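A closer look at the structure
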Amino acid sequence: MNTLQLVIADNNMQVVVFALLAATAAMLTVMLVRSIALNRLEHAAKATDNQIDDFLVEVLRSTRIFLALGVAIYVAVHFLVLPQSVKELADRAFIGLLILQSGFWANRGLDFFLRQRLATDEVSSRAARATTRPIVAFIGRVVLWALIGLLLLDNMGLNVTALVASMGIGGIAVALAVQNILGDLFASLSIAIDQPFVVGDFVIVDDLMGTIEHVGLKTTRVRSLGGEQIIFSNNDLLKSRIRNYKRMQERRVVFSVGVTYDTPHDRLEKIPGMIAEAIGSQGSTRFDRAHLKGFGPSSLDYEAVYYVLDPDFNLYMDIQQAINLSLVRSFRESGVEFAFPTHTLHLATAVPSLLQKTVPSVG
């Protein structure tokens with residue numbers, strides 16, 4: 001006789017009906033307890049600022065129907081007379097469903113933790129969250145479900161230790177074959193943790209520049225000033241020299257002004273003061289220095305240095321424009337002329353005797 005015939009022979013209709021009723025009651029009890037507990041926890045979460053009840057609500061919402069099904073099977077098995085092998089199979093199925101449900105609970109708990117851990121009202125931190133959360137969540141889920149998978153295989157009776165050992169040996173070969181992909185994956189984790197840049201930062205990498213749009217597991221996408229999208233490998237990007245202009249706190253500006261060589265000495269001495277006054281009259285600036293730097297081919301060159309206290313590029317251009325216009329007005333009022341490229345050619349007078357031709361005498 002096969003197993004099904006043995007089950008039918010050992011259990012009369014009354015026992016089967018009791019088993020079905022018990023299974024149904026167990027399933028309904030689990031669903032009812034979940035509904036009541038979820039309702040009370042939601043009310044408690046709204047009334048308090050404690051994050052624990054919010055966490056329990058999130059976890060309880062991820063309870064699947066197969067948990068109630070597993071409980072129903074476990075209860076029904078104890079009402080029936082079954083072979084030992086069938087009981088062991090039912091027990092493993094019940095434990096497997098519990099492990100799987102635990103995975104869903106842990107997954108929802110991880111998501112809740114990351115939301116709360118990375119939650120902030122600061123606008124400057126939103127880009128960091130947008131960069132960090134997807135990468136950390138992905139890696140966390142991979143680790144979680146890998147562990148759940150190993151537990152399920154162990155529950156099925158497989159030798160997980162031997163499996164992990166064989167995977168370790170094979171993993172070396174796989175790692176060598178996909179080392180570039182793994183390098184980019186670990187580079188993305190490094191970007192998420194160390195955050196050399198986040199979404200929204202303006203960066204310059206070698207001779208390429210643009211705004212960070214997306215940081216993925218393998219690549220980082222940058223929107224250039226021309227509008228096209230530039231895609232960098234994460235590993236190559238971290239090996240490059242990255243200039244992050246979004247992290248700039250203030251902007252140092254150096255500019256030069258050239259005046260003509262025939263400018264009188266007393267006016268030359270006043271020019272650094274004119275430059276300092278033009279810079280100081282602007283808001284959000286800090287004057288550093290202004291000096292007669294040197295003697296150019298066609299001008300006396302002054303160099304000035306100042307700081308814009310805000311890193312905004314448009315503000316810097318507005319300030320520099322105002323400084324230039326102020327210097328044009330000040331130089332014109334003081335009689336100082338801007339230099340422009342000129343060349344003076346000095347012609348030496350030739351010796352007349354060398355230019356004279358020997359005229360033969362006529363006799």
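Residues numbered from 1 in each chain as written. Predicted model: local features only at pLDDT ≥ 70, side-chain atom pairs only at ≥ 80, totals over all residues. Heavy atoms only, no water.

Glancing now at the overall build of the protein chain. Within the protein chain, the secondary structure is distributed over twelve helices and eight strands. Of all 363 residues assigned to the protein chain, the portion counted as buried reaches 29%. (Helix = DSSP H or I, 4+ residues; strand = E, 2+ residues; numbered from the N terminus. Buried < 20%, exposed > 50% of the residue type's maximum accessible area, 1.4 Å probe, protein only.)

Turning our attention to the sheet that holds strand β7 (residues 285-295). The antiparallel open sheet is built from three strands, whose spatial order is β6-β8-β7. Here the strands that pair on one side only, and so sit at the sheet edges, are β6 (251-259) and β7. When strand polarity is set aside, the average angle formed by the axes of neighbouring strands in this sheet is 20°. Across the sheet, helix α11 (residues 313-334) lies against β6, β7 and β8 (300-308), angled at about 25° from β6, the strand it touches most. (Pairing = 2+ DSSP bridges. Axes fitted to C-alpha atoms, helices over the stretch in contact; angles between N-to-C directions. Contact = heavy atoms within 4.5 Å.)

A surface patch of nonpolar side chains, amounting to about 680 Å² of accessible area, comprises Met13, Val16, Val17, Phe18, Leu20, Leu21 and Phe79. In this fold, Leu21 is placed in helix α2 (residues 13-47). (Patch = residues over 30% accessible without salt bridge, like charges linked within 9 Å, V, L, I, M, F, W, Y side chains within 5 Å. Areas by Shrake-Rupley, 256 points an atom, 1.4 Å probe, with all protein chains shown as cover. Salt bridge = Lys/Arg side-chain N within 4 Å of Asp/Glu carboxyl O.)

To summarise the sheet geometry, strands pair through backbone hydrogen bonds and adopt either a parallel or an antiparallel arrangement. Strand order in the open sheet formed by five strands is β4-β3-β2-β1-β5, with antiparallel pairing between adjacent strands. Of all strands in the sheet, those bounded by a partner on one side alone are β4 (229-233) and β5 (242-244). Neighbour to neighbour, the strand axes of the sheet diverge by 40° on average, direction disregarded. Of the pairings in the sheet, the one linking strand β3 (residues 219-224) to β4 comprises five bridges and is antiparallel in character. Bridge pairing in β4 places Arg223 opposite Gln229.

Residues that lie three or four places apart on an α-helix share one face, since the helix turns once every 3.6 residues. Helix length check: α2, at 35 residues, gives a terminal C-alpha distance of 51 Å against a target of 51 Å (1.5 Å per residue), a fit within 8%. Taken residue by residue, α2 has Ala19, Ala22, Ala23, Ala26, Leu38 and Ala45 as its buried positions. The elements touched by buried residues of α2 are α3 (51-61) and α4 (65-77). (Expected span 1.5 Å × (residues − 1).)

So, about the packing of α2 against α3. Here α2 crosses α3 at 150°, and the two axes come no closer than 9 Å. Classed by the angle they form, the pair α2 and α3 counts as roughly antiparallel. The interaxial crossing formed by α2 with α3 has left-handed handedness. Residue-level inspection shows Arg34, Ala37, Leu38, Leu41, Glu42, Ala44 and Ala45 of α2 in contact with α3, the latter providing Asp53, Asp54, Leu56, Val57, Leu60 and Arg61. (Parallel < 35°, antiparallel > 145°, perpendicular 65-115°, else oblique. Left-handed = near helix turned anticlockwise from the far one by under 90°.)

So, on to the pattern of salt bridges. Evaluated as defined, the whole model comprises ten salt bridges. With its nearest N and O atoms 3.5 Å apart, the salt bridge here joins Asp201 to Arg247. Here Asp201 is found in the loop between α8 (179-194) and β1 (202-205), whereas its partner Arg247 is found in the loop between β5 and β6, with 46 residues between them in sequence. Given the relative accessible area of 3%, Asp201 is considered buried. Residue classification places Arg247 among the partly exposed positions, given a relative accessible area of 42%. A salt bridge links Arg289 to Glu303; its shortest N-O distance comes to 2.7 Å.

So, about the confidence of the model for the protein chain. Residues of the protein chain with pLDDT of at least 70 account for 82%, and the chain-wide mean is 81. When mean pLDDT is compared element by element in the protein chain, β8 scores highest at 95, while helix α12 (residues 352-355) scores lowest at 51. (pLDDT = per-residue confidence, 0-100.)

What follows covers the packing of helix α10 (residues 265-280) against α11. Taken N-terminus to C-terminus, the directions of α10 and α11 make an angle of 145°; their axes are 9 Å apart at the nearest point. Judged by the twist between their axes, the crossing of α10 over α11 is right-handed. In this structure, α10 contributes Arg267, Ile271, Met274, Ile275, Ala278 and Ile279 to the contact, and α11 contributes Ile323, Ser326, Leu327, Ser330, Phe331 and Ser334. Of the residues that constitute the contact of α10 with α11, the class distribution is eight nonpolar, three polar and one charged. (Nonpolar A, V, L, I, M, F, W, Y, C, P; charged D, E, K, R; others polar.)

Moving on, we get to the pairing of β8. With eight of its nine residues buried, β8 lies for the most part within the structure. Two strands pair when backbone bridges link them, and β6 and β8 are joined in this way by nine bridges, in the antiparallel orientation. By the bridge assignment, Val253 is partnered in β8 with Tyr306. With nine bridges connecting them, β7 and β8 associate as antiparallel partners. Residue Thr285 lies in a different strand from β8, and its bridge partner there is Val308.

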